[in-house]
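# Summary of the model geometry
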Amino acid sequence: MTTTEETEELRRTVRRFLDQRSTEAEVRRLMEDETGYDPAVWKQMAEQIGLQGLAIPEEFGGSGFSYNELRVVFEEMGRALLTAPFFATVALAANALIECGDDDAKKAYLPGIASGETIATLALSEERGGWDDKAVTLQASGSGSDWTLTGGKRFVPDAHVADLILVAARTADGISLFAVEKGAAGLSTEVELTMDLTRKLARVTLDSTPAQLIGTQGQAWNGLRRALRFAAVALAAEQVGGAQKVLDMTVQYSKERFQFGRPLGSFQALKHKMADMLVDIESAKSAAYDAARAVADGDADVELSASVAKAFCSETYFRTAAQGLQLHGGIGFTWEHPIHLYFKRAKSSEFLLGSPVYHRDLVGQALGI
Amino acid sequence: MTATATNQDADTELVIAKTEQLLRDYPPATTDRREFLSAQFDAGLAWVHFPKGKGGLELPRSLQHEVYVRLEEAGAPNGQMGNQLGYSMGAPTVLAWGDEQQHERYLRPIFLGDERWCQLFSEPGAGSDLAAVATRAVKDGDDWIMNGQKVWNSMASISDIGMLIARTDPEVPKHQGLTYFVIDMHAPGVEVRPLRQMTGEAEFNEVYLTDVRVPDAARLGAISAGWKVSMATLMNERVMFASEGMDKGPVETALDLYRERDHHEPELRTRMIDMWIKGRVLTLSNQRAAANRAAGTPGPEGSTGKIGYAELQQKGYELCLDLLGDESLLYDSYEMHEFTLESLKERPTKIDPRRRFLRSRANSIEGGSSEIMHNILAERVLGLPPEHRVDKDVPFSQVPRG
């Protein structure tokens, strides 16, 4: 348990770092860049502040902090629109490994993630999309410790730069998790053109690609589902950080922009919209912070908290970004102004890991209705 | 940090020890209500954040919770019961703005329930623009003579003291000419009439003041300082509204109704889930606000609660009516019903959802309308430029009204 002061100190550290290393100019440069991240910044994140390993257990090379701290990092990254494979590596792959129940795999891969040497991701969705067990149809061939994978995966964040791709595939007894390393025979990746250029999504093609089974054959789904929910909490924190930044930008602009001889922010119609954005964001923070706390405390109903946060924060971020764009007027529709970057991130993170429609349905199931 | 933590622990232990001592010395089962509350006041357990000798121990307000829990468990009388306005709004205002004699005069009777309090702020011409109150107080020797009309006064018909703001100087701009009084509700010229509302009952009253004589000793704070003094009352009002218990609210009612239905349209399921999520998030926000207040770092989440509360009540009971279906064509009773001392003691456990649906329309109006709350958030939290005010530097007597 850390105090608010310690959490805020972490926030200041991360914000200082990102203010220097993830400027708008840098984000725009990486949007156009095929790899989509700066290896020097990635290295500094690991070596100077230890961000990749923050919430990885100490026995696997991390610092052993909890989600209460990690969510602050994601909030700040969402605020800065950090363009890097951090979400793929830490939220998706590290959680999948931590929840996989296979100590050998944890020992093999988590220390590399914590030190920043390994970029990793999780490949779940296929041609038709989806983020639950039904989305997984790729059939693994083999037995024992000798497996190969043939088929395709889509919407895999940062797969094109990943040293390690965790692949969910069907085996005789259900869903299994496999490790595929960079350069494996028959493995190819291709970045698709994404609406949100700050997060690269790749198509992964596997052709008799050798793969290492992680955990017990057919038993991977429970751990994977938990990992996906924890990743959704990280995404909710990212959304909250982005939404707050949009509100900050909008308030600032409303004080500086004059029309009819008055600052825009003195018009009640606009003021009330910004007050609504504030109410919305403060509510979203409550949902995201509580879900992070639920992960940290290991609540029995942590998956419910995660779905509440993902559904609520997704919609808050989009509403905020849409309203923020509107309040900027014409300049908000230009390529030059940064608000469209947030608008696109908001819409795409609404779908990533399950839309609000999907998560609300999960909440309904949990309520028994 | 460590030193602070140790102090907190010591404070908590002290409060617990004093509460247990009180319960030992005055067993609730065999002690008279007044006697118990009087002893609680003397022990500094009436409001622990108040000064010593005035019902408090000069400890953090959050520790009052430790007292409540233990007294409730032991079946002790509750000082707030039946005098919520005196306890939550009157006492802090008296403490902040009253002099020694006024502390002595008012605090103990509030806590013992000897005197019930009500609030006489709003007027027909002063709702959201509260500083436009027109009730006049004119000095007459050592007294003031009051004339005017107040409205939306809950409990006024059963109260002994009224917190009132009146205009003492109409020739200065509106905020500057107000003075705060605590008047005797039984004084000649005070007439209380029930105000029937759309639900059929009368939670509130109108209060007519005709040549009411009020001694100067009943003035709280300086002449013309009434606006500032009233802020102490209003701040505590917003806390009261936002902290009403959420657990027996519209969401749970809707969920019960949902489960009783034999068929479920997909749209109702969608709305039910959405409402449940909103309710849960609001509860989490209230908890976050309380935790941040207790830690001494209140944030914007403290001011956003009232808007969210009103919205949840209204949308939640709209959903309840949709779940009730055609039963929503009917109503339980429009019989005129007023608040009495007896009805105060009954806890309103099962209020018909249709009545609550009608009542919820007031949630976005009372205690600062949602529109005013939006202004406050925009100006005070986001720092946006204030509204243009045409009445700001004009003497009150020259401001258009109507």
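First things first, this report covers the structure right here in the doc. (Residues numbered from 1 in each chain as written. Chains lettered and ligands numbered in written order. Predicted model: local features only at pLDDT ≥ 70, side-chain atom pairs only at ≥ 80, totals over all residues. Heavy atoms only, no water.)

Moving on, we get to the interface of chain B and chain A. Opposite the 33 residues of chain B that make contact, chain A presents 38 residues. A buried area of about 3,200 Å², summed over both sides, lies between chain B and chain A, and 68% of it is on carbon and sulfur atoms. At the junction of chain B and chain A, the tally comes to five salt bridges. Two residues, A:Arg360 and B:Asp274, come together in a salt bridge whose shortest N-O distance is 3.9 Å. One can count 16 residue pairs in polar contact (both at pLDDT 80 or more) joining chain B with chain A. When contributions to the side of chain B that touches chain A are tallied by element, the ones reaching two or more residues are α7 (250–260), α8 (266–294), α9 (301–324) and α12 (370–381) of chain B. (Contact = heavy atoms within 4.5 Å. Buried area = accessible area lost by both parts, 1.4 Å probe. Salt bridge = Lys/Arg side-chain N within 4 Å of Asp/Glu carboxyl O. Polar contact = N/O pair within 3.5 Å; in protein donor to acceptor, adjacent residues only side chain to side chain. Helix = DSSP H or I, 4+ residues; strand = E, 2+ residues; numbered from the N terminus.)

Positionally, A:Ala275 belongs in helix α8 (residues 268–297). With sequence-adjacent residues up to four places away left out, A:Ala275 is seen in contact with B:His374, B:Leu377, B:Ala378 and B:Leu382.

This brings us to the nonpolar core. Within the largest apolar cluster, 124 residues are counted, with the highest numbers of intra-cluster contacts made by A:Phe86, A:Phe87, A:Leu149, A:Leu166 and A:Leu353. Among the elements that line this core, the one with the most residues is helix α7 (residues 221–256) of chain A, at 13 residues. With sequence-adjacent residues up to four places away left out, A:Leu353 is seen in contact with A:Phe87, A:Leu92, A:Trp131, A:Leu228, A:Ala231, A:Ala232, A:Leu235, A:Lys310 and A:His359. If you look at the next biggest cluster of nonpolar residues, it comprises 50 residues, including B:Ala46, B:Met185, B:Ala187 and B:Val190. (Core = buried A, V, L, I, M, F, W, Y, C linked by side-chain atoms within 4.5 Å. Buried < 20%, exposed > 50% of the residue type's maximum accessible area, 1.4 Å probe, protein only.)

Residue and element names in this part refer to chain B. Assignment of secondary structure puts Thr 19 in helix α1 (residues 2–25). A polar contact of 2.7 Å, which involves the side chain of Thr 19, links it to the backbone oxygen of Val 15. Excluding residues that lie within four positions of it along the chain, Thr 19 makes contacts with Leu 45, Val 67, Arg 70 and Leu 71.

Where two aromatic rings form a pair, the distance of their centres and the angle of their planes describe that pair. Enumeration over the complete set of coordinates arrives at 19 aromatic pairs over all chains. Arranged with centres 5.9 Å apart and planes meeting at 90°, the rings of B:Phe121 and B:Tyr180 form a pair that is edge-to-face. With B:Phe121 in the loop between β1 (117–120) and β2 (136–140) and B:Tyr180 in strand β5 (residues 178–184), this residue pair connects regions lying 59 residues apart in the sequence. Judged by its relative accessible area of 0%, B:Tyr180 falls in the buried class. Taken together through their ring pairs, the aromatic side chains of A:Tyr37, A:Trp42, A:Phe74, A:Phe86 and A:Phe87 make up a single cluster. (Phe/Tyr/Trp six-rings, centres within 6.5 Å; stacked < 30°, edge-to-face > 60°.)

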